[in-house]
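# Structural characterization, general
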Amino acid sequence: MPLLAVESLETRYGPLRAVDGVSLRIEAGETLALVGESGCGKSTLGKTILRLVPHSGGTVRFDGVDVTRLRGRTLKPFRRRMQMVFQDPSASLNPRQTVGTILSAPLRVHGVHGRIERRRQVEAMADRVGLPVGGLVRYPHEFSGGQRQRIGIARALILRPELVVCDEPVSALDVSIQAQILNLLVDLKSDYNLSYLFISHDLGVVRYIADRIAVMYLGRIVENAPHHSLWSRPLHPYTQGLIRAVPGQGSPGRPNRVAPIAGDMPNPLDPPDGCRFHPRCALAADICRVSDPPLRTVLPGHDVACHFASA
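So, here's what we can say about the structure. All values derive from a computational prediction rather than experimental measurement. (Residues numbered from 1 in each chain as written. Predicted model: local features only at pLDDT ≥ 70, side-chain atom pairs only at ≥ 80, totals over all residues. Heavy atoms only, no water.)

A cluster of nonpolar side chains, Leu 283, Ile 287 and Phe 308, forms an exposed patch at the surface whose accessible area comes to about 280 Å². Secondary-structure assignment places Phe 308 in the segment after strand 12 (302–304). You can call Phe 308 partly exposed: its relative accessible area is 43%. (Patch = residues over 30% accessible without salt bridge, like charges linked within 9 Å, V, L, I, M, F, W, Y side chains within 5 Å. Areas by Shrake-Rupley, 256 points an atom, 1.4 Å probe, with all protein chains shown as cover. Salt bridge = Lys/Arg side-chain N within 4 Å of Asp/Glu carboxyl O. Helix = DSSP H or I, 4+ residues; strand = E, 2+ residues; numbered from the N terminus. Buried < 20%, exposed > 50% of the residue type's maximum accessible area, 1.4 Å probe, protein only.)

Charged atoms that come close allow side chains of opposite charge to pair. Applying the stated rule across the entire model yields 16 salt bridges. For Glu 162, the salt bridge identified is with Arg 81, shortest N-O distance 2.5 Å. Linking Glu 162 in the loop between helix 6 (145–157) and strand 7 (163–167) with Arg 81 in helix 2 (residues 72–81), this pair joins segments that are 81 residues apart in sequence. Under the relative-accessibility criterion, Glu 162 is labelled partly exposed at 27%. Residues Glu 117 and Arg 120 are paired through a salt bridge, measuring 2.7 Å at the closest nitrogen-oxygen approach. Of this pair, Glu 117 and Arg 120 both sit in helix 5 (residues 115–128), three residues apart, which is roughly one turn of the helix. Among the ionic contacts, a cluster of salt bridges with common partners joins Arg 17, Asp 20, Arg 220, Arg 276 and Asp 292.

This part is about the nonpolar core. Membership of the largest hydrophobic core comes to 57 residues, with the highest contact counts inside it found for Ile 153, Leu 203 and Ile 213. Those residues within four positions of Ile 153 in sequence are excluded, and the remaining contacts are Val 85, Val 129, Ile 181, Leu 184, Leu 185 and Leu 188. Membership of the second largest hydrophobic core comes to 29 residues, among which are Ile 26, Leu 70, Phe 78 and Met 82. (Core = buried A, V, L, I, M, F, W, Y, C linked by side-chain atoms within 4.5 Å. Contact = heavy atoms within 4.5 Å.)

For helix 4 (residues 99–109), the complete set of buried residues consists of Val 99, Gly 100, Ile 102, Leu 103, Ser 104, Pro 106 and Leu 107. Looking at the buried positions of helix 4, the neighbouring elements they touch are helix 5 and helix 6.

Another aspect to go through is the sheet that holds strand 7. Pairing within the open sheet is mixed, and its eight strands lie in the order 6-7-8-3-9-10-12-11. Looking along the sheet, the strands with just one partner apiece sit at the ends: strand 6 (82–85) and strand 11 (296–299). Taken pair by pair, the neighbouring strands of this sheet meet at an average axis angle of 25°, ignoring direction. Here strand 10 (residues 220–226) runs beside strand 12; their pairing, made up of two bridges, is antiparallel. When the sheet's bridge partners are listed, Asn 224 is paired in strand 12 with Asp 303. Strands in contact with helix 2 are strand 6 and strand 7; relative to strand 6, the strand with the most contacts, it is inclined by about 50°. Against the sheet, helix 7 (residues 175–192) touches strand 3 (31–35), strand 7 and strand 8 (195–200), its axis set at about 160° to strand 8. (Pairing = 2+ DSSP bridges. Axes fitted to C-alpha atoms, helices over the stretch in contact; angles between N-to-C directions.)

On the basis of which strands lie adjacent, the open sheet formed by four strands has the order 2-1-4-5 and antiparallel pairing. Looking at strand neighbours, the two that pair on one side only are strand 2 (16–26) and strand 5 (65–66), the edges of this open sheet. In terms of strand pairing, strand 4 (residues 57–62) meets strand 5 through two bridges, oriented antiparallel. By the bridge assignment for strand 5, Phe 62 is matched with Val 65. Sheet contacts for helix 1 (residues 42–49): strand 1 (4–13), strand 2 and strand 4; angle to strand 1, the most-contacted strand, approximately 115°.

Worth remembering: the numbers are spatial, not functional.
So, in C-alpha cells, the structure goes:
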C-alpha cells in the first residue's frame, strides 16, 4: 500500500480547474518530483493534498485513510504526519515571532507538553538543519535567504512527519545556496525516513533529488515515470521540450536553446479541446485537436498521455 494515493483529484476556483483529475502515488521513502511551467497547478495540487485548500472531487488517501473526508479532531493527527516547506520563507515565516517561537508552535499545537522538552526538541532540530542555536532568539529578517529556508524546513520537520510537500523550496535562492538546501533535504530524507512531493519548474533541480517524476500541464499529469526512464526516454513532446531546456542537455558543441517549446501556455480558464498541449506541439494531428489522450502505461512504470507515444 502506498503512503499517499491520489485518485482523480480536482480543485476548482469558480470556472478554473486548477487541478483536473490528477492521480498519483508516493511510496514510503520515495521522492516524487512534480514539474511543469508556472501556473499549471503544481502548488495547488500540493496544497490540496495537505487539505490547505478544499478539493472539488476525487480522493486523497494517506496510509490507506481518505483524508478528504476528515474534519476537525479526526484530521489533526494527519496534519502532524504531513507537512509543507513553502517557496518563499520571507512570506511564510511570521516576522513578529522569534525563530524559537516559530519552531516551538507546532509542538504546542500538537500536545508536546513542557517548556523544557519543547526547547530541547527545537534546539536539536535547529542544530540538525544547520542553524545556530544561539539564533533562536532572533527574528526571520535577521537571517539570510538560505537560513530562512532552513528555518522553514526545521518547522516542517519538528513534528517528525512522514510526508513533506516541498513547494519550489530552492527557486528563490542563489544557485550556490540551492545546492546546499538540496543536499540538506537529501540527508534529512535518509535520517528521518521521509517521503517527499518535490514541486519545481526546473527539471535540472529535480534530476538530483527525484526517484520518480510526474510532469504536469494545464492541471493534468501528462507523463509519470521513474527518474532514469524519463531522462533516458521522455515520451511526451512537452517533457522532451522541458528536458531540452535544461542547461547542458544539448549535443556536444551545440548547446540547447533556452526556449525549445513554441508559444505560451493557453489560458487555463479556456483550455483547448482535445489534447491540451496540441497548440504548441510539433507532432499535433487532427486527432489531437478533438480527442483528449488518456494517461496510459507505455513502458514498465512509465505512463504518458499522448496519442503518438509508443515503446
